[in-house]
Amino acid sequence: MKTPRISHLAIALSALVLSGCASFERDWKAAERRPETRSVEKSDAFTGRWDGRWTSAKHRTSDGYSGGRLRCILTKIDDHHYEARFKANWMIFASGYTTVFDVERHGRELHLEGQHALMPLFGGVYRYKGRVTPERFMATYDSAYDHGTFEMRRPQSGR
């Protein structure tokens with residue numbers, strides 16, 4: 001019996017998502033152990049691991065659930081750009097993506113803006129705006145499908 005094409009697509013997408021999650025977990029653990037030897041990271045108070053929650057202002061489940069765990073590995077590219085690798089959880093689902101933020105430094109605060117295009121099914125283009133201190137990462141997001149907030153802090157060792 002021939003397997004429907006949709007099953008092949010589901011298997012391929014699952015493998016892609018799971019492999020991305022596995023690489024994030026490996027890099028998350030490595031970022032905790034890695035001594036900051038690159039000169040760009042040594043003097044940068046914002047680079048590294050962040051852990052917290054994302055909260056949707058628009059979508060809630062029947063039991064009031066509106067977000068989930070959010071982790072990020074933030075890396076300085078240059079004085080005006082940072083790469084952010086996110087892993088977000090919602091109920092039993094997890095997804096990850098990478099985006100580049102345009103940044104401006106204001107003393108001990110980094111102001112960031114950026115956008116990332118997801119498939120239209122997941123809201124299309126997401127726009128981000130926020131600020132990061134050495135201790136907190138706070139941002140808002142907005143798309144055709146959803147809007148809300150990110151709030152993260154530096155994780156404790158082993159998390």
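First, a word on what this report is: a plain description of the structure on this page. Treat the numbers as computed from the prediction; the structure is a model and nothing was measured.

**Thoughts on the side chain of Arg85**
Okay, so step 1: Within the secondary structure layout, Arg85 lies in strand S3 (residues 81-90).
Okay, so step 2: The exposure class assigned to Arg85 is buried, which follows from its relative accessible area of 17%.
Okay, so step 3: Only 3.4 Å separates the side chain of Arg85 from the side chain of Ser23, close enough to count as a polar contact.
Okay, so step 4: Within polar-contact distance, the side chain of Arg85 engages the side chain of Asp27 at 2.4 Å.
Okay, so step 5: If we skip the residues at most four places from it in the chain, Arg85 touches Ser23, Phe24, Asp27, Arg71, Cys72, Ile73, Tyr97 and Thr98.

**Comments concerning the sheet that holds strand S2 (residues 67-78)**
Okay, so step 1: Strands sit in the order S1-S2-S3-S4-S5-S6-S7-S8 around a closed barrel of 8 strands; the barrel is antiparallel. In this sheet, adjacent strand axes meet at a mean angle of 25° when their direction is disregarded.

**Things to note about the pairing of S3**
Okay, so step 1: Here S2 pairs with S3 via 8 bridges, running antiparallel. Bridged to Lys76 within S3 is Tyr82.
Okay, so step 2: Taking the residues between adjacent antiparallel strands as the criterion, S2 and S3 are bridged by 2 residues.
Okay, so step 3: One ladder, built from 10 bridges, connects S3 with strand S4 (residues 93-106); its direction is antiparallel. The residue of S4 that forms the bridge with Arg85 is Thr98.
Okay, so step 4: Linkage of S3 to S4, two consecutive antiparallel strands, is achieved through a turn of 2 residues, within which Met91 is found at a positive phi near 55°.

**Comments concerning a nonpolar patch on the surface**
Okay, so step 1: Together, Trp90, Met91, Ile92 and Phe93 give the surface a local cluster of nonpolar side chains, amounting to about 480 Å² of exposed area.
Okay, so step 2: Tracing the backbone through its elements, the reader meets Ile92 in the loop between S3 and S4.

**Things to note about the pattern of salt bridges**
When the charged atoms of two side chains with opposite charge come close together, those side chains can pair.
Okay, so step 1: For the coordinates displayed, the defined rule picks out 10 salt bridges.
Okay, so step 2: The salt bridge involving Glu25 is made with Lys87; its shortest N-O contact spans 2.6 Å. Here Lys87 lies in strand S3 and Glu25 lies in helix H1 (residues 5-33), a separation of 62 residues in the sequence.
Okay, so step 3: Glu109 serves as the salt-bridge partner of Arg131, at 3.1 Å between the closest nitrogen and oxygen. Placement of the pair is Arg131 in strand S6 (residues 125-132) and Glu109 in strand S5 (residues 109-117), with a sequence separation of 22 residues.
Okay, so step 4: Linked by salt bridges that have partners in common, Glu25, Arg71 and Lys87 make up one network.

**Thoughts on the side chain of Ser143**
Okay, so step 1: Tracing the sequence through the fold places Ser143 in the loop between strand S7 (136-142) and strand S8 (147-153).
Okay, so step 2: A polar contact is formed between the side chain of Ser143 and the backbone nitrogen of Tyr145, at a distance of 3.1 Å.
Okay, so step 3: Contact partners of Ser143, with chain neighbours within four places excluded, come to Gly123, Val125 and Tyr126.

**Some words on the pairing of S5**
Okay, so step 1: Burial along S5 is one-sided: the face carrying Leu110, Leu112, Gly114 and His116 is buried and the face carrying Glu109, His111, Glu113, Gln115 and Ala117 is not.
Okay, so step 2: Two elements, S5 and S6, share 8 bridges in a ladder whose sense is antiparallel. Bridge pairing in S6 places His111 opposite Arg131.

Conventions used here
Residues numbered from 1 in each chain as written. Predicted model: local features only at pLDDT ≥ 70, side-chain atom pairs only at ≥ 80, totals over all residues. Heavy atoms only, no water. Helix = DSSP H or I, 4+ residues; strand = E, 2+ residues; numbered from the N terminus. Buried < 20%, exposed > 50% of the residue type's maximum accessible area, 1.4 Å probe, protein only. Polar contact = N/O pair within 3.5 Å; in protein donor to acceptor, adjacent residues only side chain to side chain. Contact = heavy atoms within 4.5 Å. Pairing = 2+ DSSP bridges. Axes fitted to C-alpha atoms, helices over the stretch in contact; angles between N-to-C directions. Patch = residues over 30% accessible without salt bridge, like charges linked within 9 Å, V, L, I, M, F, W, Y side chains within 5 Å. Areas by Shrake-Rupley, 256 points an atom, 1.4 Å probe, with all protein chains shown as cover. Salt bridge = Lys/Arg side-chain N within 4 Å of Asp/Glu carboxyl O.

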